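Structural features, examined
The residues making up each chain are set out below.
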Amino acid sequence: MDSAVYGPRIEDIYRAVPLPANLTLLFLKAEALNHFGILLLVSVWRRVVGNQIDNFSFSNNYREVGRQLPRLVYTAALAIEIATRLAGQDFGALKQISSLTYQLGVVSIFFIASMQRNRYGQVIIAVALAIPLVILALGGGMKEAILFPLVPAVLIIWFGFRSISFKTLAIIIGFVFLAYSQLYVRYVRDTTWGPIESSYSTVQLLEGFQEHLNHVTLVDGMESISSRINMTISRAITIAIADARGFEPYTIFGPIPASLIPRLFWPNKPVLMPGARHTLRIRNLNIPLTKAGSATAAGFFSELYLGGGFVGWLLGILIYAIMLGAVQRYALQTMKGFGHLALSFLTVYWALRFEEKAVVYAYTEIFFTFILLVLLIKGTKVFRYDTKRIL
């Protein structure tokens, strides 16, 4: 694994991180904070949503969503991606809104595809709508941007088909695609990311990757996936730093209030870059964040501990679980249909990569997503868009 791209490995940074003598206890502590943290968060969230849990199932309640709004949102998201990727449009202070619109556009793929009565038709529509977004993302070197549009198709296959053999085949195809996408993303980053900026078209990158495949194998992709999804070392390193150098409440929790101020009202708001900050923290370097060269995930629960020890860990979990559950309940009461089910869809997606989420972004994405949904629903009511009831 190239530490310059994917973050430092433990053998690369052990001289900088003050590791304790007993590494076994360090790893046990890190894993205990993570696993008990997940259990506590889910338990509190479940308590908050109460007996309305079934109402948050977008896979069962998708018929509550209207036909018009998902199409409008998907079209807007696609237009924003075209403007960004092909026309080089920088939305500046509105970039956060454009990013959230993109996420809701992917959510809309699920609802648009689910309108089809035939399951195979749903998968075809979901893949067809995802392809333009995937193609537009190929030149950026961000794996999430390539894979996220395909999540609706994956969920339709998983929840919509009962055949074990079909699901097994889908899993195998998914792993192969994921492995090659990992190799492609690594190739793009090695080619275009660096001290000297290089500009390549998507076609040039694809042609170069085709030649690059002569030097790598599917096994390399699988190993790269394994190294990326295993957060064990990263969690342990974060705990070791907290115990040896002390807690950092200001750097972990301090940016949250500032991040709640939209860049539209604070154009010069500093870029937070918590992943880059953690890379410098690990390497014990005091240089600008833009010089970090990589972003390293601290792990949500480990970062809470870094911010305030066991007290920060406990309070951070409780606040997040209560906040998410309360927002979902409120959305169910006031935005029934697209609003609350879109939020439920995003909640599932957030859970898939929750461990890599920085603390500041974990809280603020709930807030801004909710605000955008409120504005969207209220705006569409003015134009009398149908936001619920397909049938």
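The residue numbering used here restarts from 1 in each chain and proceeds along that chain's sequence as written. Thresholds applied to this predicted model are a pLDDT of at least 70 for local features of residues and 80 or more for the giving and counting of side-chain atom pairs; totals over whole chains, interfaces and linings are not thresholded and use all residues. As a convention, hydrogens and water are excluded, and side-chain values are obtained from all of the structure's heavy atoms.

1. Structural notes on the overall build of the protein chain
By definition, any uninterrupted DSSP run of H or I lasting at least four residues is a helix, any uninterrupted run of E lasting at least two residues is a strand, and each is numbered from the N terminus. Check the secondary structure of the protein chain and you find 19 helices and zero strands. In the protein chain, which comprises 391 residues, the share counted as buried stands at 46%. Across the protein chain, every contact between residues at least 6 apart in sequence was considered, and the portion connecting residues at least 24 apart equals 78%. Every accessible area reported is derived by Shrake-Rupley at a probe size of 1.4 Å, with residue values counting cover from the shown protein chains alone. About 20,100 Å² of surface is accessible on the protein chain, with carbon and sulfur atoms providing 63% of the total. Three labels apply to residues, based on accessible area from a 1.4 Å probe with only protein chains included: buried if under 20% of the type maximum, exposed if over 50%, partly exposed otherwise in between. Here, two residues are considered to be in contact whenever any of their heavy atoms come within 4.5 Å of each other.

2. Quick word on helix α17 (residues 300-334)
The span expected for a helix works out to 1.5 Å for each residue beyond the first. Taking 1.5 Å of rise per residue, 35 residues should cover 51 Å, yet α17 covers just 30 Å from first to last C-alpha, more than 12% shy of that figure. Considering bend angle alone, the principal kink of α17 is centred on G309 and spans about 130°. Fitting one axis to the seven residues ending at a residue and another to the seven starting there, the bend at that residue is the angle between the two axes.

3. Thoughts on the packing of helix α6 (residues 95-114) against helix α7 (residues 119-137)
α7 packs onto α6 with a crossing angle of 155° between their chain directions and a minimal axis gap of 7 Å. Between α6 and α7, the interaxial angle falls into the category roughly antiparallel. For the element pair α6 and α7, the recorded crossing hand is right-handed. Judged by residue contacts, Y102, V106, I109, I112, A113 and S114 of α6 engage Q122, I125, A126, L129, A130 and L133 from α7. Here the residues of the contact of α6 with α7 are counted per class, giving ten nonpolar, two polar and no charged. Throughout, an axis means a line fitted to C-alpha atoms (over the contacting stretch in the case of helices), and angles, computed between N-to-C directions, take values from 0 to 180 degrees. Roughly parallel covers angles under 35 degrees, roughly antiparallel covers those over 145, roughly perpendicular covers 65 to 115, and oblique covers all other angles. Crossing chirality is assigned from the near helix's rotation relative to the far helix, an anticlockwise turn below a right angle marking it left-handed and a clockwise turn marking it right-handed. Under the convention adopted here, Pro, Cys and the residues Ala, Val, Leu, Ile, Met, Phe, Trp and Tyr are nonpolar, Asp, Glu, Lys and Arg are charged, and Gly plus all remaining residues are polar.

4. Remarks on unusual backbone geometry
Note: most residues except glycine have negative phi, and most peptide bonds are trans. Notably, M273 is not glycine yet its phi reads approximately 50°, a positive angle. Positionally, M273 belongs in the loop between α15 (255-259) and α16 (274-283). Positioned with a positive phi, N284 is a non-glycine residue whose angle comes to about 55°. As for its position among the elements, N284 is in the loop between α16 and α17. In this structure N284 comes out as exposed when scored by relative accessible area, which is 54%.

5. Some points on the nonpolar core
For the purposes of this section, nonpolar cores are sets of buried Ala, Val, Leu, Ile, Met, Phe, Trp, Tyr and Cys residues that join through side-chain atoms within 4.5 Å. Grouped together as the largest cluster of nonpolar side chains are 96 residues, with contacts concentrated most on L41, F110, F111, F300, Y320, F338 and W350. In terms of residue count, the dominant contributor to this core is α17 (13 residues).

6. A short note on the pattern of salt bridges
The rule for a salt bridge is simple: a side-chain nitrogen of Lys or Arg has to be within 4 Å of a carboxyl oxygen of Asp or Glu. A complete count under the given rule lists seven salt bridges for this structure. Between D243 and K29 there is a salt bridge, with its nearest N and O atoms 2.9 Å apart. Separated by 214 residues along the polypeptide, D243 in helix α13 (residues 232-245) and K29 in helix α3 (residues 23-49) bring together distant segments of the chain. Close ionic contact of E64 with K336 constitutes a salt bridge, the shortest N to O distance being 3.7 Å. In this pair, E64 sits in the loop between α4 (58-61) and α5 (68-85) while K336 sits in the loop between α17 and α18 (338-352), placing the two residues 272 residues apart along the sequence. For E64, a relative accessible area of 23% gives the class partly exposed. A network of salt bridges, in which partner residues are shared, links E31, R235 and E355.

7. Concerning helix α9 (residues 151-160)
With seven of ten residues buried, α9 lies mostly within the body of the structure. Residues of α9 that are buried include every one of V151, P152, A153, L155, I156, I157 and G160, and no others. Considering only its buried residues, α9 is in contact with α4, α6, α7, α8 (143-147), α10 (164-192) and α18.

8. Let's talk about the packing of aromatic side chains
Here is the rule: rings of Phe, Tyr and Trp (six-membered ring for Trp) pair when centre to centre is within 6.5 Å. Planes less than 30 degrees apart are stacked, more than 60 are edge-to-face, and the remainder are tilted. Counted under the stated rule, the structure contains 23 aromatic pairs. Ring plane angle 85° and centroid distance 6.3 Å describe the contact between Y120 and F166, whose orientation is recorded as edge-to-face. Of this pair, Y120 sits in helix α7 while F166 sits in helix α10; the two residues are 46 residues apart in sequence, bridging distant segments of the chain. Aromatic rings pair up to connect F58, F110, F111, F338 and F345 into one cluster. Over the aromatic face of W158 sits the side chain of K167, whose NZ or CZ is 4.7 Å from the ring centroid. For a lysine, the NZ atom is tested; for an arginine, the CZ atom; a charge sits over a ring if that atom is within 6 Å of the ring centre and within 35 degrees of the ring normal.

9. Digging into a nonpolar patch on the surface
A patch consists of residues whose relative accessible area exceeds 30% and which take part in no salt bridge; residues with like charges are grouped when within 9 Å of each other, and nonpolar side chains (Val, Leu, Ile, Met, Phe, Trp, Tyr) when within 5 Å. On the surface, a nonpolar cluster with roughly 740 Å² of combined accessible area is contributed by W158, F159, I171, I172, F175, V176, Y180 and M222. Elements supplying a minimum of two residues to the nonpolar patch: α9 and α10. Tracing the sequence through the fold places V176 in helix α10.

10. Here's the deal with the side chain of T296
Summarising the element assignment, T296 is placed in the loop between α16 and α17. Any pair of N or O atoms that falls within 3.5 Å is considered a polar contact. Within protein, one atom must be able to donate a hydrogen and the other to accept it, and sequence-neighbouring residues count only if both atoms are side-chain atoms. At 2.8 Å, the side chain of T296 forms a polar contact with the side chain of T279.

11. Regarding the confidence of the model for the protein chain
What pLDDT reports is the predictor's confidence in each residue, on a scale of 0 through 100. Averaged over all residues, the pLDDT of the protein chain is 83; the fraction at 70 or higher stands at 88%. A low-confidence stretch, residues 1-11 stays under pLDDT 50, and its non-local contacts, those more than four residues away or across chains, total 33 contacts.

12. Topic: the environment of T202
Examined against the element boundaries, T202 turns out to sit in helix α11 (residues 202-212). Filtering out sequence-adjacent residues up to four positions away, T202 remains in contact with I135, L138 and G139.

13. Let's talk about the side chain of E365
Inspection of the secondary structure assignment puts E365 in helix α19 (residues 359-382). Within the structure, the side chain of E365 is placed 3.2 Å from the side chain of K357, a separation counted as a polar contact. Setting aside its immediate chain neighbours within four residues, E365 contacts W350 and K357.

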